[in-house]
Amino acid sequence: MNNHSPNMRPEIRQLDEAAINRIAAGEVVERPASAVKELVENAIDAGARRITIEIADGGKTLIRVTDDGCGMTGQDLPLALSRHATSKIDGSDLLNIHSFGFRGEALPSLGAVGRLTLQSRAEGHEAASLSVEGGHLGAVKPCALNGGTVVTLRDLFFATPARLKFLRSDRAEMQAISDIVKRLAMAEPSVGFTLKDVSGGADRVTFRVDPETGDLFDALRGRLSRIMGTEFTENALPIDAEREAVRLTGYAALPTYSRGSAVAQYLFVNGRPVRDKMLIGALRGAYQDFLSRDRHPAVALFVDCEPHRVDVNVHPAKSEVRFREPGVVRGLIVSGLRHALAEAGHRASTTVAGATLGAMRPEAPAEPRVYQMDRPAPGRWSPPVPPSAAAREAAFAAQAPGFAEMQADWSARVVEPEPEEAPPTALPLGAARGQVHENYIIAQTADGMVIVDQHAAHERLVYEKLKRQMAENGVAAQALLIPEIVELSSDDAGRLLAVAEDLGRMGFTLEPFGAGAVAVRETPAILGEVNAQALIRDILDELDDTGETALVQERLEAILSRVACHGSIRSGRRMRAEEMNALLREMEATPHSGQCNHGRPTYVELKLADIERLFGRT
């Protein structure tokens, strides 16, 4: 990297304004989606209620953002295109930020790498226009505009053609723009957004949402149903929790409505969309007891606090934040989500029933093959011959054999409890009516039926009981005859000892052992023989990733899960009617009983109306 001659002293030069703006643009404008984000955020800060975004060729040749905000005067336009000129802060307090933008970098950066035109009109003033190309500012001119602002950016990165080579396909860039617009639309339910693809002279609307009305949760629910789908809102729980003046609101999906990747996780801090490692780690910690590692929850969560308690100026694109008290925020997310999931009780996702009904629907029957010999001769007609009574009886017997003949071949039992002993079907999981294949309980509810996986359901019940016992009685620790000494760097040892008290409550006792080493004196008894050095390395990796560790607790709960699996009702066991009904009642009273320890559903509920549609009765 050091390519100057050793005999020559490098000279320090002051870069010109154009070079400064291009360098700043490299930090702020990574791709067309970055430009759209900056322009739409400016429109929201201007008080716009409707914003239209027009894109051509993935944003490479055209980005136009039109809003109905407060607008600017002709005198404001040159200042708006100057670096670090903004109306959103006065510079006296860089932590008291209530707007999306505050640096005054976006417009001059875009003007440095593209052809930018500003058209704006403030109330009581004439409309004005100003253009800048490659950092060269034009003159302010009058224009025709009713109100608001129109920002047109053409030929992005024409002044830095090397950046064009790193852009992806038009489709991929358009997808990134759509994701940005949807995230901002979630943050502002009261604002209407329209995204158009105008490539090749077309005018195709790819995304549109109108302003929502109602209170916070009604407006947010309506906006989320239009962006994430009605399936999400039908299977999501409202979240509203507060701790030490930090508030958490939004919606979190049930564990049985999980995804194969983290694409449905939307996090906001003071209304700003962020992708923050600490928040993602807290979200994973809240769901760790309900989902396997290859499944991801779907959420839209909003963290709100005083601006002084969070620094939004730690990333060029403002996509990461830093909290003054990260432990408070993390604890709020974990406790708020777990409390909401516990209140959901045995509830499972409605998509489970939908998938079940879809699997049960018969395929369309193929048209019967007609052979030439069966076709009537041209010009001749013969009446159909009705089948004989004997043929009809044989057909009926073939289609519906007697139940007495099926008992030897089919594993099913019908439960007929006494009328006075029959549990009421008005209960959420109804009354047991039978058992199929010695594994599935069939229950009747007031408006449908429930199919329960007896092993998965009882496994969850036993697991929750074991967790309660561990929480009440503590974790038994086994003392090592000879403490295991683990050599670490001074920094790693310090970080590990900082959480030693938390690890001690889990039965994992650590003590300092000189500079850069720790002594492991006790390990959780339920874990058996432990490779202390490997466990400590894993704990340090988790501390690096999320700032906190729950690894020991996860391993303890994994052991409890295995114990619950072996101690639960096995598949193939015949259950009496009172046992089946007792299992249903315990499921209704136990939180999280709607999914097994791996996030799979423990029961499927089918509504009577759906069953009747399945058989064509409606």
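See the structure shown above.
Cut-offs applied
Residues numbered from 1 in each chain as written. Predicted model: local features only at pLDDT ≥ 70, side-chain atom pairs only at ≥ 80, totals over all residues. Heavy atoms only, no water. Helix = DSSP H or I, 4+ residues; strand = E, 2+ residues; numbered from the N terminus. Buried < 20%, exposed > 50% of the residue type's maximum accessible area, 1.4 Å probe, protein only. Contact = heavy atoms within 4.5 Å. Areas by Shrake-Rupley, 256 points an atom, 1.4 Å probe, with all protein chains shown as cover. Expected span 1.5 Å × (residues − 1). Pairing = 2+ DSSP bridges. Axes fitted to C-alpha atoms, helices over the stretch in contact; angles between N-to-C directions. Left-handed = near helix turned anticlockwise from the far one by under 90°. Nonpolar A, V, L, I, M, F, W, Y, C, P; charged D, E, K, R; others polar. Salt bridge = Lys/Arg side-chain N within 4 Å of Asp/Glu carboxyl O. Phe/Tyr/Trp six-rings, centres within 6.5 Å; stacked < 30°, edge-to-face > 60°. Parallel < 35°, antiparallel > 145°, perpendicular 65-115°, else oblique. Core = buried A, V, L, I, M, F, W, Y, C linked by side-chain atoms within 4.5 Å. Polar contact = N/O pair within 3.5 Å; in protein donor to acceptor, adjacent residues only side chain to side chain.

K.L.:
Pulling in residues and values, what's your account of the overall build of the protein?
P.N.:
In terms of helices and strands, the protein carries 20 helices and 26 strands. The buried share of the protein, reckoned over its 618 residues, is 46%. Long-range contacts, defined as pairs at least 24 residues apart, comprise 69% of the intrachain contacts of the protein with a sequence gap of at least 6. When the accessible surface of the protein is split by element, carbon and sulfur atoms take 52% of a total near 33100 Å².

K.L.:
Account for helix α10 (residues 326–343), with residues named and values stated.
P.N.:
Each α-helix turn comprises 3.6 residues. Residues three or four places apart therefore point the same way. Here α10 is 18 residues long and its end C-alpha atoms lie 26 Å apart, about the 26 Å a rise of 1.5 Å per residue gives. Restricting attention to buried positions, one finds in α10 the residues Val 328, Val 329, Arg 330, Gly 331, Leu 332, Ile 333, Val 334, Gly 336, Leu 337, Ala 340 and Leu 341. As for α10, its buried residues are in contact with β10 (236–243), β11 (246–253), α9 (277–287), β16 (299–304) and β18 (322–323). Positive phi shows up at Gly 345, right after α10, with a value of about 65°.

K.L.:
Lay out the sheet that holds β11 with the relevant residues and their values.
P.N.:
Ordered in space as β10-β11-β16-β13-β14, the 5 strands form an open sheet in which the pairing is mixed. What marks the edges here is a single partner per strand, and that holds for β10 and β14 (272–274). Here the average twist between neighbouring strands, direction ignored, is 20°. With 6 bridges connecting them, β11 and β16 associate as antiparallel partners. Counted as the bridge partner of Gly 250 is Leu 301 from β16. This element, helix α7 (residues 216–227), spans β10, β11 and β16 of the sheet and lies at about 40° to β11. In this fold α10 packs onto β10, β11 and β16, with an angle of close to 140° to the strand it touches most, β10.

K.L.:
Account for the sheet that holds strand β23 (residues 477–487), with residues named and values stated.
P.N.:
To summarise the sheet geometry, strands pair through backbone hydrogen bonds and adopt either a parallel or an antiparallel arrangement. Ordered in space as β23-β25-β24, the 3 strands form an open sheet in which the pairing is antiparallel. With partners counted over all chains shown, the strands left at the sheet margins are β23 and β24 (509–512), one partner each. Each strand axis lies, on average, 20° off the axis of its neighbour in the sheet, ignoring direction. Packed on one face of the sheet, helix α15 (residues 490–498) meets β24 and β25 (517–524) and runs near 35° to β25.

K.L.:
Now, about unusual backbone geometry: what can you tell me, with residues and values included?
P.N.:
The residue Asp 57 is not glycine, and still its phi comes out positive at about 55°. You can see Asp 57 is positioned in the loop between β1 (50–56) and β2 (62–67). Backbone geometry places Glu 244, a non-glycine residue, at a positive phi of 50°. Within the secondary structure, Glu 244 is located in the loop between β10 and β11.

K.L.:
Tell me about the packing of α9 against α10, residues and numbers included.
P.N.:
Running from N to C, α9 and α10 point in directions that differ by 30°, and their axes come no closer than 9 Å. The handedness of the crossing between α9 and α10 comes out as right-handed. For the pair α9 and α10, the contacting residues are Met 278, Leu 279, Gly 281, Ala 282, Leu 283, Gly 285, Ala 286 and Tyr 287 in the first and Pro 326, Val 329, Arg 330, Ile 333, Val 334, Leu 337, Arg 338 and Leu 341 in the second. Classifying every residue of the contact of α9 with α10 by side-chain character gives 12 nonpolar, 2 polar and 2 charged.

K.L.:
How would you summarise the pattern of salt bridges if you had to cite specific residues and measurements?
P.N.:
Pairing is possible between side chains of opposite charge, provided their charged atoms come close. For the structure on display, the rule yields 29 salt bridges. For Arg 115, the salt bridge identified is with Asp 155, shortest N-O distance 2.6 Å. Residue Arg 115 is found in strand β3 (residues 115–121), and its partner Asp 155 is found in the loop between β7 (148–154) and α5 (161–164); the two are separated by 40 residues along the sequence. Connected through shared salt-bridge partners, Arg 573, Arg 576, Glu 578 and Glu 579 make up one network.

K.L.:
Would you mind going over the packing of aromatic side chains in detail, with residue names and values included?
P.N.:
In total, this model carries 3 aromatic pairs according to the counting rule given. Between the aromatic rings of Phe 217 and Tyr 251, the centroid separation amounts to 6.0 Å while the plane-to-plane angle is 80°, which identifies the pairing as edge-to-face. Remark: Tyr 251 occurs in strand β11 and Phe 217 occurs in helix α7; sequence separation between them is 34 residues. Grouping residues by exposure puts Phe 217 and Tyr 251 together as buried.

K.L.:
How would you explain the packing of helix α14 (residues 454–473) against helix α19 (residues 577–589) if you had to name every residue and give the values?
P.N.:
Where α14 meets α19, the axes come as close as 10 Å, and the angle between the chain directions of the two elements is 50°. By the criterion of interaxial angle, the relationship of α14 to α19 is oblique. Considering only the axes of α14 and α19, their crossing is left-handed. On the side of α14, the interface is formed by Gln 454, Ala 457, His 458, Leu 461 and Lys 465, while α19 contributes Leu 583, Glu 586 and Met 587. Considering only residue class, the contact of α14 with α19 consists of 4 nonpolar, 2 polar and 2 charged.

K.L.:
How would you sum up the pairing of strand β4 (residues 128–133)? Please name residues and give values.
P.N.:
Sheet topology note: the β3/β4 ladder contains 6 bridges and is antiparallel. The partner of Arg 115 across the bridge, within β4, is Glu 133. Counting the residues that bridge the hairpin from β3 to β4 gives 6 residues, and of these Gly 124 lies at a positive phi of roughly 85°. Note that β4 and strand β6 (residues 141–142) share 2 bridges and pair antiparallel. Counterpart to Ser 129 in the pairing with β6 is Lys 141. Taken together, the 2 bridges between β4 and strand β5 (residues 136–137) define a ladder with antiparallel strand orientation. Its bridge partner lying in β5, Glu 133 is registered against His 136. Connecting the antiparallel pair β4 and β5 is a turn made up of 2 residues, with Gly 134 showing a positive phi of about 60°.

K.L.:
Help me get a handle on the nonpolar core, residues and values and all.
P.N.:
Looking at soluble globular proteins, one finds that nonpolar side chains tend to be buried together. Within the largest apolar cluster, 61 residues are counted, with the highest numbers of intra-cluster contacts made by Val 40, Ile 51, Ile 53, Phe 193, Met 228 and Phe 232. Contacts of Ile 53, omitting those with residues within four sequence positions, involve Val 36, Val 40, Arg 64, Val 65, Val 181, Thr 194, Leu 195 and Lys 196. Judged by nonpolar contacts, the second largest core, of 35 residues, contains Leu 254, Ala 286, Leu 291 and Ile 333.

K.L.:
So, helix α6 (residues 170–187): which residues are in play, and what are the values?
P.N.:
For α6, spanning 18 residues, the distance from its first C-alpha to its last is 26 Å, which sits close to the expected 26 Å at 1.5 Å a residue. Among the 18 residues that make up α6, 13 are buried, leaving the element largely enclosed by the rest of the structure.

K.L.:
Please set out the side chain of Ser 258 residue by residue, giving values where relevant.
P.N.:
In this fold, Ser 258 is placed in strand β12 (residues 258–259). Here Ser 258 is in contact with Leu 291, Arg 295 and His 296, once residues within four sequence places are set aside.

K.L.:
Account for the environment of Arg 505, naming residues and giving values.
P.N.:
Structurally, Arg 505 is set in helix α16 (residues 500–505). A polar contact is formed between the side chain of Arg 505 and the side chain of Asp 502, at a distance of 2.3 Å.

K.L.:
Please set out the pairing of strand β22 (residues 448–453) residue by residue, giving values where relevant.
P.N.:
Here β22 shows one buried face, formed by Gly 448, Val 450 and Val 452, and one open face, formed by Met 449, Ile 451 and Asp 453. Pairing geometry for strand β21 (residues 440–445) and β22, over 6 bridges, is antiparallel. Across the sheet, Ala 443 pairs through a bridge with Val 450, a residue of β22. Connecting β21 to the next strand, β22, in antiparallel fashion are 2 residues. Bridge count for β22 against strand β26 (residues 603–607) is 5 bridges, and the pairing is antiparallel. From the neighbouring strand, Gly 448 faces β26, where its bridge partner is Lys 607.

What is shown is where atoms sit, not what they do.
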